[in-house]
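# Examining the three-dimensional arrangement
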Amino acid sequence: MVQGQEHGQSNISTLDASGKAIRVEQLWQEFISDPSQWWDNRFIKKNPKYPDFEHKTTHEGLWIEGGMNPLWVKAKVATMALGKIQSGGGLRSQLREPLGNGWNVSILCKEGRLKEALHMVEQNVQAPINTYACLLKGCIRRKALGEGKRVHALIIRRGLGSNIILGNTLVNMYAKCGSVLDARQVFDSMHEHNIFSWTTIISAYADHGQSEEAINLFQQMQQTGIPPNKVTFVVVLKVCARILALEQGKQLHLDIIKSGFESDVIVGSTLVDMYAKCGRIEDARQVFNNMRERDVVSWTAIIAGYAHHGPGKEALDLYKQLKQEGLQPDIVTYVVLLKACTSNSDLEHGKQLHLDIIKSGFESDVTVGSTLVDMYAKCGHIEDAHQVFNNMDEHNTVSWTAIIAGYAQHGLGKKALDLYKQMKQEGVLPDIVTFVVLLKACASIAALDQGKQVHSDIIKSGFESDVIIGNTLVDMYAKCGCIEDAHQMFKDMRERDVVSWNVMIAGCAQHGLGKEALDLYKQMKQEGVQPDIVTYAILLKACATIAALEQGKQLHLDIMRSGFESDVIVGNTLVDMYAKCGCIKDARQVFNSMHERDVVSWSAMIAGYAEHGLGKEALDLYEQMKQNGVQPNNVTYVLLLKACASIVALKQGKQLHLDIIKSGFGSDVIVGSTLVDMYAKCGCIEHAREVFNNMHDRNVVSWNAKISGFAQHGLGKEALDLNKQMKQEGVQPDIVTYVVLLKACASIAALEQGKQLHMDIIKSDFDSDVIVGNTLIDMYAKCGCIEDACQVFNNMQKRDVVSWNAMIAGYAQQGLGKEAFTLLKQMQREGIKPDEVTYLSVLSACSHSGLVDKGRHLFDSMYKDHGVIPTMDHYACMVDLLGRAGCLADAEDFVRKMPVQPNALVLRTLLAAARNHGHVEIGRRAFDCVVKLEPENAAPYVLLSNIYAAAGQRDDVAQIRREMNDAGLKAMPEGS
């Protein structure tokens, strides 16, 4: 179409606004050079949509008031008209008389009555060529491929196939109706090609995303000797920009200079755009600076370049210059600038642009409004985004998607889904982007039912086969916990790309199915899909989760073969994998070999040391990190504080506290909570209290840290009081809070408070959590309510080995050995494999119940029948069992026959048993062994002294005191 009207030559409708402007100028030049080839309709047309001048052959139209006209048109035409009329041969004489079939066909086509128009031409064998062109343009407007093919057949039957104008229009018709192959077939069958033929077919391939072929055709055109015009250059430059073909773009630039088109404002603007999109912002700026004439399109192109590839501030500075030069920004300019503010989270400039948009009268534009909604939402002001949305006169799919996405990105998935319902009620149809946003909203809040409903809507809309939709559906089902549905969706996808495999592998990894994730990786490679960086990062995390070291090492080899080893993200994930698999040396080797390290790299290595109890190494690495000029982030500080807590490094923890304040992270709620925890675990409960009280923002994690600190220091009552204060401040306890509080109750036998907590847990719907259930059992048992502990155990919907251990330990504490044994048998029947703790609890129950034979049998069967290797705690428990039963000789014999060297705990237990039964010889032998292992411990001296005293051996008591004094140990009180 020309000048926004419904007329125009075949190749013109392939062009965008800039290309149309060029063509309009060419047509006016043709009109000026030979007016006799044009009809003057000014005095007979009844509809302003009809052209003022119409080409007799091509049927192209020109309007004197056309918006794309060059500035000189009106004056020139007025002069020509006067001159011609005065000479007697004016344009008036070129009027068509009478209005024939061609004009009637044109009217029918404009009204969309293609079949009637086609029937009229089929009945008229003498129809002029422009009539067929008119029909084809009508087909283009209606995307009527079937009718277009009928016109093509009619052209061939009437021997008009060799006409170049009709050939060009046929190529354009097929391209615009979506059949590039037919367009190419027509082009190849044409006897001759002109610049319009080549530009039309190049545009066809460009419009259909076949950029390489578009460039190939351009090169073929040059080889035939046909010089490109401005439109051709503009089309091919846009192709280069789309596929980032910088070298071809540079060559085009040279061709443009040789052709003399460099000074053309449209060509110059497109050159700016090409260089900017190819990432060469300096070259784009140079072209822009060299342009003799610049319009708003030129400015918008360079602003967009800086917005996407350069400093956002430069884009905003250019906007100021644009206004200073007296140019009025258009809608595209504002959209580009708003997107720049969005990407830089620059709310201040975004608000200023909003004011300028209001002054310019563009606020009612739906595209501008949608971009404003998006800008406010992504800058964190969802209320302002919604206000803009509500003030919009018109909402389309884009604006609805923008506001839905805004709420989804802010974790307000329910509100996003409510807006979707409203969108449907208003009759606005969602597109692929809308559905993707909705599925992500469902995934973020685990809204499975709503996700299934969105899936149903996707099927109805015909988008299910889209690969992006398929990928997001897989992700949604996986994040909603339905890994089977995710896998079924994955298998049903007709087309899968690397992202499809990544989301499926990630789904398995997130559900602890590391083996299945690695199996998918093998299948992926078998199907010829090349993993990318994301794939390897996900797989390495899966290996870390299940401690699959061998598979992790194999992945490392694959990464090296793929050339991704130098990628910093891959390197960071490798460090993390090796560390979590227990290979801290391999993790450090990868870390040391990394060419580039960011704060995540250093944090991953620090985390590795901290998690392996190597707090000193973690702190040393922190010093090295600072020496390398890398600034820690909040995650780094949290890891370092945990390292200090693990090794009770109070001095280093205090220094870290100072560094945190200097770095500006003192107000960070996570850092603050970890500081509270560090001070508490280092025994500085007052420092922990002070940090907590100074926190501006406190969440449930902060309260948990403080409550836990008090509980760990035996301040159970204070911990329970903090729970009341926490709720008064409107902070709701979570699972961790309840677990800590229940342990506090257990430590001080606060049964009534424990029962109240149990009620609160039920009200909060946390009673089904297995960890909470386990802690409730432990609390009731330690408070002496074994029946309540048993009831909690029996009511648990899901039990793990810790649940069974807690219940068995409860029986042991109450001396209920038979019940402990019965529960052990039940545990084994239900397929739960006892672990070290289980056997320790049952042995303890036997010890307290005097079940010597059962205890002996259980200890013997631990390794023989169940493969559980006894620890020193188990050996000590057996000594205690035999000692309590008075079998001192058996206990000593048991220690003597241990397959490993007994530690101090085992020997002290034997010494205590000898003290309880007054066995001097065994006591003395146990004492001699234990003091070799613990020379600075006074307890063995006290125990042996008590044995001597009970036996009336006062001289030996005095000797023990002398030995204590000689060893530098604190003397015992008299009479001990």
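All of these numbers come straight from a predicted model, not from anything done at the bench. Each residue is numbered by its place in its chain's sequence as written, counting from 1. Where local features are concerned, this predicted model is filtered to residues with pLDDT of at least 70; where side-chain atom pairs are given and counted, the filter is 80 or more; whole-chain, interface and lining totals use all residues. Just so you know, side-chain values use all the structure's heavy atoms and leave hydrogens and water out.

### Comments concerning the overall build of the chain
Put simply, the rule is: By the criteria applied, helices consist of DSSP H or I runs no shorter than four residues and strands consist of E runs no shorter than two, each listed in order from the N terminus. Burial classes follow relative accessibility: with a 1.4 Å probe on protein chains only, a residue under 20% of its type's maximum area counts as buried, one over 50% as exposed, and anything between as partly exposed. When checking whether two residues touch, look at their non-hydrogen atoms; a contact exists if any pair is within 4.5 Å. Methods summary: accessible areas were calculated by the Shrake-Rupley approach with a probe of 1.4 Å, and residue burial reflects only the protein chains presented. Here Asp and Glu are counted as negative and Lys and Arg as positive; His is not counted, and neither are the chain ends. In plain terms, the charge of a residue is placed at NZ if it is Lys, CZ if Arg, CG if Asp and CD if Glu.
Looking only at helices and strands, the chain has 54 helices and three strands in total. Projecting the C-alpha coordinates of the chain onto the three principal axes gives extents of approximately 150 × 55 × 55 Å. Residue burial in the chain is summarised as follows: out of 976 residues, 51% are buried. Considering only intrachain contacts with a sequence separation of at least 6, the fraction spanning at least 24 residues in the chain is 60%. A total accessible area of about 45600 Å² is found for the chain, and carbon and sulfur atoms account for 51% of it. Seen as two clouds, the 101 positive and the 113 negative side-chain charges of the chain have centres 2 Å apart.

### Observations regarding the packing of helix 19 (residues 366–378) against helix 21 (residues 397–409)
Worth spelling out the cut-off: Between N-to-C directions, angles cover 0 to 180 degrees, with each direction set by a line fitted to C-alpha atoms, over the stretch in contact for helices. Relative orientations are named as follows: roughly parallel for angles under 35 degrees, roughly antiparallel for angles over 145 degrees, roughly perpendicular for angles from 65 to 115 degrees, and oblique for any other angle. Amino acids outside the nonpolar list (Ala, Val, Leu, Ile, Met, Phe, Trp, Tyr, Cys, Pro) and the charged list (Asp, Glu, Lys, Arg) are all regarded as polar, and Gly is one of them.
Taken N-terminus to C-terminus, the directions of helix 19 and helix 21 make an angle of 5°; their axes are 8 Å apart at the nearest point. Here helix 21 runs roughly parallel to helix 19, going by the angle between their axes. Judged by residue contacts, Val366, Ser370, Val373, Asp374, Ala377 and Lys378 of helix 19 engage Val398, Ser399, Ala402, Ile403, Gly406 and Gln409 from helix 21. Residues that form the contact of helix 19 with helix 21 fall into these classes: six nonpolar, four polar and two charged.

### Quick notes on the sheet that holds strand 2 (residues 53–55)
Stated formally: One bridge is not enough; two strands pair if DSSP finds at least two bridges between them.
In space, the three strands of this open sheet follow the order 1-2-3, with antiparallel pairing throughout. Strands at the two margins of the open sheet, each flanked by one partner only, are strand 1 (38–40) and strand 3 (61–62). Two strands pair when backbone bridges link them, and strand 2 and strand 3 are joined in this way by two bridges, in the antiparallel orientation. Note on strand 3: the bridge partner recorded for Glu54 is Gly61.

### Side note on the packing of helix 15 (residues 296–309) against helix 16 (residues 312–324)
What counts, and what does not: Each crossing is labelled by how the near helix is turned from the far one, with a counterclockwise turn of less than a right angle marking it left-handed and a clockwise turn marking it right-handed.
It is the contact of helix 15 with helix 16, at a shortest axis distance of 7 Å, that shows an interaxial angle of 160°. Here helix 16 runs roughly antiparallel to helix 15, going by the angle between their axes. Crossing hand, helix 15 versus helix 16: left-handed. For the pair helix 15 and helix 16, the contacting residues are Trp299, Ile302, Ile303, Tyr306 and Ala307 in the first and Gly312, Glu314, Ala315, Leu318, Tyr319, Gln321 and Leu322 in the second.

### A few points about the side chain of Ser841
Structurally, the position occupied by Ser841 is in helix 47 (residues 836–849). Overall, Ser841 belongs to the buried group, its relative accessible area being 9%. Setting aside residues no more than four positions away along its own chain, Ser841 makes contact with Asn805, Ile808, Ala809 and Ala812.

### Description of unusual backbone geometry
At Ala446, a position not held by glycine, the phi torsion is positive, near 55°. The residue Ala446 is located in the loop between helix 23 (432–444) and helix 24 (448–461) in this model. Although it is not a glycine, Ala547 adopts a positive phi angle of roughly 55°. The residue Ala547 is located in the loop between helix 29 (533–546) and helix 30 (549–562) in this model.

### Here we look at the environment of Phe710
With respect to the secondary-structure elements, Phe710 resides in helix 39 (residues 700–712). Relative accessible area serves as the criterion here: at 3%, Phe710 is assigned to the buried category. Those residues in contact with Phe710, other than ones at most four positions away along the chain, are Ile685, Arg689, Leu715, Gly716, Glu718, Ala719 and Leu722.

### Brief notes about the side chain of Ser370
Applied cut-off: Polar contacts, as used here, are pairs of N or O atoms within 3.5 Å; protein pairs need one atom able to donate a hydrogen and one able to accept it. Residues neighboring in sequence count only if both atoms are side-chain atoms.
Looking at the secondary structure, you find Ser370 in helix 19. Classification of Ser370 by relative accessible area gives buried; the value is 3%. A polar side-chain atom of Ser370 sits 3.3 Å from the main-chain amide nitrogen of Ser399. Those residues within four positions of Ser370 in sequence are excluded, and the remaining contacts are Met392, Asn396, Val398, Ser399 and Ala402.

### Observations regarding the packing of aromatic side chains
Quick note on the threshold: Only Phe, Tyr and Trp rings are paired, with Trp represented by its six-membered ring, and only when their centres lie within 6.5 Å; those with planes under 30 degrees apart are stacked, over 60 edge-to-face, the remainder tilted. Two conditions define a charge located above a ring, namely a distance within 6 Å from the ring centre to NZ of Lys or CZ of Arg, and an angle within 35 degrees of the ring normal.
Per the counting criterion, the structure on display carries 26 aromatic pairs. On the basis of an interplanar angle of 80° and a centroid distance of 4.9 Å, the ring pair of Phe288 and Trp299 is categorised as edge-to-face. In this pair, Phe288 is assigned in helix 14 (residues 281–290) and Trp299 in helix 15, connecting sequence segments 11 residues apart. An identical accessibility class is assigned to Phe288 and Trp299; each is buried. A network of ring pairs unites the aromatic residues Trp28, Phe31, Trp38 and Phe53 as a single cluster. Lying across the ring of Phe288, Arg294 places its NZ or CZ 4.3 Å from the centre. Positioned over the ring face of Phe490 is Arg496, at 4.4 Å from the centre of the ring.

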